[in-house]
Structures are given as structure tokens and as C-alpha cells.
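Below, each chain spelled out in residue letters.
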Amino acid sequence: VGNSLVPYQHTAMNGGDGPSSYARNSSYQRGAIDAAEALLRKEIQNRLDLTNHSLSSFTIADFGCSSGPNTLLAVDIIIQALHQKFSSSMPNAQTPEFQVFFNDLSQTDFNALFALLPPQPPYFVAGVPGSFYGNLFPKAYLNLAYSSCALCWLSDLPPEIIDTTSPAYNRGRIHYTGASAEVAQAYSSQYKKDIKSFLLARSRELAEDGLMALIVPGVPDGFLEPQASTGSEFDLLGSCLMDMAREGRIKEEEVDSFNLPIYYTTPKELEEIIRSNKELKLEMMETLEGMNAQGTMPDLESRVLYLRAVLEGLIRTHFGHQILDDLFDRYSLKLAHSSFILHPQTHKSIMIFTLLTRRRYI
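Described below are features of the structure shown in this document. Nothing here was measured: the structure is a model prediction, and the numbers come from that model.

1. A look at the overall build of the protein chain
The helix and strand tally for the protein chain stands at 11 helices and seven strands. Here the protein chain holds 362 residues, and the buried ones make up 52% of them. In the protein chain, the share of contacts with a sequence separation of at least 24, taken over all contacts with a separation of at least 6, comes to 83%. Total accessible area on the protein chain stands at roughly 15900 Å², and carbon and sulfur atoms take up 50% of it.

2. Focus: the side chain of D194
Topologically, D194 is positioned in helix 4 (residues 181-205). Here D194 is buried and forms no salt bridge, its nearest opposite-charge partner K193 lying at an N-O distance of 5.6 Å. A distance of 2.6 Å separates the side chain of D194 from the side chain of S155, its partner in a polar contact. Apart from the residues lying within four places of it in its own chain, the contact partners of D194 are Y133, L154, S155 and D156.

3. Section: the pattern of salt bridges
Scanning the model with the defined rule gives 22 salt bridges in all. Taking the shortest distance from any N to any O, the salt bridge between R246 and D243 comes out at 2.8 Å. With a gap of three residues between them, R246 and D243 both fall in helix 5 (residues 233-246), about one helical turn apart. For R246, a relative accessible area of 59% corresponds to the exposed category. Judged by its relative accessible area of 21%, D243 is partly exposed. The network of salt bridges with shared partners includes D49, E208, D209 and R360.

4. Quick word on the environment of S197
Considering the arrangement of structural elements, one finds S197 in helix 4. Taking the C-alpha atoms as reference points, S197 and S155, 42 residues apart in sequence, are found 9.8 Å from one another.

Cut-offs and rules
- Residues numbered from 1 in each chain as written.
- Predicted model: local features only at pLDDT ≥ 70, side-chain atom pairs only at ≥ 80, totals over all residues.
- Heavy atoms only, no water.
- Helix = DSSP H or I, 4+ residues; strand = E, 2+ residues; numbered from the N terminus.
- Buried < 20%, exposed > 50% of the residue type's maximum accessible area, 1.4 Å probe, protein only.
- Contact = heavy atoms within 4.5 Å.
- Areas by Shrake-Rupley, 256 points an atom, 1.4 Å probe, with all protein chains shown as cover.
- Lys, Arg positive; Asp, Glu negative; His and termini not counted.
- Salt bridge = Lys/Arg side-chain N within 4 Å of Asp/Glu carboxyl O.
- Polar contact = N/O pair within 3.5 Å; in protein donor to acceptor, adjacent residues only side chain to side chain.

Here you go:
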């Protein structure tokens, strides 16, 4: 491996409640929850099997909850749907007590999240720090698992993209967008490995007949070919970093060894990965309607702050905090003249709503 290898440091979304915090700049992710709400309520009502259960407690986990209000909104929707399900399916039984676990990386600002809770939430609360690509709960412990906008984050960077001797070495770029087919393939392989690990862990943790609802960021089928995926916001940010390297503000090798651990799957690819897990049954998969970045981030500043809230931790860890303001000022200037702002309809991103159930234990 070449000498530019730098281990990928896991970082969380920007914490707190400041101008560039995730809590203030996650309206796009909230849009995904709004778009999924009706489906989520309907599927809990239709798919949750209570026939064999006399539950005194019902456990729910949000995997990749982050530190803003979105996770609480999602949990409120789930709890309301569960109350409705229990009262309609088991009218003479007492509704169980609800235990909600909020999971994300240990660097996540759980304090900021818990500060947003009402004084007496209608459920018991606990934070569970750790990577959701491994086991986080005992076997058959969870009744409902949920994740939104988190399953685009890789557990690690594909090693070959920072190996100077590899055909997939991603020189001068920070993502697979617009890069060679070898780089895209390396990302895809890492993603498949990660999602298989995620599903394996959840299949162990879900109780029999347990439900799992996933909202997965992606791109439409057929969109991963190089000619279709140019002009990404990550590409723009990478070009700003390369400009700074040419001016001597940072070293070019630092850019070459920096890659974003983010991958956008297609519905077809995700379905293939899910079907390879024999413990979970794919009940439905649907592309959410009404997801529009322009609608949730209508102006230039909101788009810049959205990206900064998500990526600042990674950039600060790799390059240092000194470059942040300069980098995002440059990004703002480039974004203003980009097709993202001028022709937003040409940019395709989707949210894939997926519902799975845990098969019966044998």
C-alpha cells in the first residue's frame, strides 16, 4: 500500500444547536420521514403480527439516530401507530410499555438529543452508542427496528481507493462520483459487505415476527454509470479542495487520501443484498414520492449548511479546522453557478422505503 494511507476516522454529524449543527440543518432528512409517514403507519397496522404475543413491553430501536429532532419525530409516528395497532387488534389487553433505544456512533451528541425530549416522554429512553454494522442488542430482543437516512454511510473506506498501486486509487477526487469504474466498484463492494453485516446483526436482534422499516438514500436504477453521475455536490467540494491544494493551502496528498465514506445504492442493488439474507423477509420496497432537495433546501445557504453539518467532522479530522470556513465559502461560490441551483430537476436522488419482517425461529 502506498504511503498516503490514512485510516478513516469515524465522526458524527455536527452536534449542539449552533448555525452549522445537524439539528438545525437536517430538513432534507426530515422530508424523508414526512414522505414515509403514511406508509410507516399503514405497514405497522397491516404487517405487525400480534397473534402469538402477550407483551408487557415493546422494544424499538432507531439505528443511526443522529442528534437532531428528526429521530424524535419518527419515534412519535411509530408510537402513535403502535397504540392504534394494539387498541384495534387487542382491545381487551393492556397496551405494553414502550422502550425506545437511540443508536449512533459514540461521538454523537446524545446530550443534545436528550435535551429535545419532552419532560415525560410516553416511552422509556436509552442511548446505545456503537456501530450498527455489529450487534448492539441481545438475541431476539427488539420488536421493531427503524433506520432513516443512515444506511448510506460505509463502515470503512474500501482500502484500494487509497492504495497508490491499485487501479482503484482515487487520486484527486473525494468520492466515486465521476471517478473510474474501478473506484465505483470498490465502493459498491464495500457497501454490499456492510449492508449484509447490518442485516445479519438485525436478524439476530429482532424477535420472531419483528418488523424493520428502513429509509435508504439512493439513486434510481441505472444511474450509477459514470456518464450519469457527474456533477455531484461531492464532486464540487472535491474540486474546491483541489483548488486549495494548487494554491498551497493544503497538500495534494491530503486530498488524495481523503474520501467520503458515503454510497448511494439503487433499489435493484439493495433488493439483491436483502434477499441474500435468509432470516429476514422482504415485505415491500417502494420509492418515496415527494422527495425534493429543492423543496426542503430552497436557497443556497441552506444547501451549504446542510453539507457542512454532515461532513464537517470528517473534514476537520483529516485537514484540521483551519480550512473549514474557506472551504465552504469556495463551495458556496461554485454551488451558486452549478446545475444544482440552476437546473435542480437534472439531479436524481431518491429515498427507498423498505419493510422487512423477521422469519420464525426454527
